[in-house]
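Now for the letters of each chain:
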Amino acid sequence: TVPRLEPSLTGARIVPVLVLDNPAEAVPLAEALVAGGLTTLEITLRTPGALACAEAIAAKVPGALVGLGTLIRPEQFAQARDVGARFVVSPGLTDRLAEAAKAAGLPYLPGIATVTEALIAYEHGFRELKFFPAMLNGGAPALKGMAPLLPEIRFCPTGGIKAENVREILSLPNVFALGGTWLTPADAVKERRWADIERLAREASTLATQG
Ligand code: 3PG
């Protein structure tokens, strides 16, 4: 059977998607996001240092719930577990990834972009899916269109989402959370402007709680 996502993830509402390479930068960045009210963090496996960054945040930032994203190979489930990740996210889904997720027992959010892909994920037992890349694939209207077809499925859209899209997307009944990189602009991270990131996180949390 498929491990279900924890309420701490399904209730997250806004998940910062982080592209990190340096643990010394990752920890203060995560602290700023948590201070701003965003505690569920997805660290993407897109850099050589991503695993070390995830491990550092999981070990050193109280209150952060760390997941690994951009997971594309079955062996990465074990790596995720080893660094203390509590969930994993893929941009898509294959049969091998679905089997590895079940074997690993780690909550898993597989990505889909079409109704057929959603049905394949559904047949594997998944009920919470990442809709990716969300804005390229129709954004809120596309999610609205899928609701009557797939009443048991709830989505976390990511890809191209900005602050101005948050309210509309989170208002959809088949959306449990959304994610993106807009909360951690590359220049702010490079210049270590943690107060700016905390402010962006707080603005986003406020949008989410205002519904
Ligand atoms: C992801 O992996 O979810 C996306 O890369 C996030 O997309 P964004 O950079 O457009 O927010």
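Use the structure listed above.
Described below are features of the structure shown in this document. (Residues numbered from 1 in each chain as written. Predicted model: local features only at pLDDT ≥ 70, side-chain atom pairs only at ≥ 80, totals over all residues.)

1. A word on the site of the ligand
1) Next: Close to the ligand lie 13 residues, the nearest being Val-17, Thr-158, Gly-159, Gly-180 and Thr-181.
2) Next: Grouping the amino acids of the shell around the ligand by side-chain chemistry returns 4 nonpolar, 9 polar and no charged. (Near = placed C-beta within 6 Å. Nonpolar A, V, L, I, M, F, W, Y, C, P; charged D, E, K, R; others polar.)

2. Here we look at the environment of Ala-208
1) Next: Tracing the backbone shows Ala-208 in helix 10 (residues 194–209).
2) Next: When the C-alpha positions of Ala-208 and Ile-14 are compared, they lie 7.2 Å apart, and in sequence the two are 194 residues distant.
3) Next: If sequence neighbours within four positions are ignored, Ala-208 has contacts with Arg-13, Ile-14, Val-166 and Leu-170. (Helix = DSSP H or I, 4+ residues; strand = E, 2+ residues; numbered from the N terminus. Contact = placed C-beta atoms within 7 Å.)

3. Comments concerning the sheet that holds strand 7 (residues 128–131)
1) Next: As summarised here, the arrangement of the 3 strands in space is 6-7-8, forming an open sheet in which the pairing is parallel. Each of the sheet's edge strands pairs with one partner strand only, and the pair in question is strand 6 (111–112) and strand 8 (154–157).
2) Next: Here strand 7 runs beside strand 8; their pairing, made up of 4 bridges, is parallel. Its bridge partner being in strand 8, Leu-129 is matched across the sheet by Phe-155. (Pairing = 2+ DSSP bridges.)

4. Quick look at helix 5 (residues 95–104)
1) Next: What helix 5 keeps buried is the set Leu-97, Ala-98, Ala-100 and Ala-101. The buried side chains of helix 5 occupy one side of the element, clustering within an arc of 165° when seen end-on. Exposed side chains of helix 5 directed beyond 90 degrees from the buried face belong to Asp-95, Arg-96, Glu-99 and Ala-103.
2) Next: Looking at the buried positions of helix 5, the neighbouring elements they touch are helix 4 (76–82) and strand 5 (108–109).
3) Next: Among the residues trailing helix 5, Gly-105 stands out with phi positive, at a value near 70°. (Buried ≥ 20, exposed ≤ 12 C-beta atoms within 10 Å, placed from the backbone. Arc of directions from axis to C-beta.)

The values reported here are purely geometric and, on their own, carry no functional implication.
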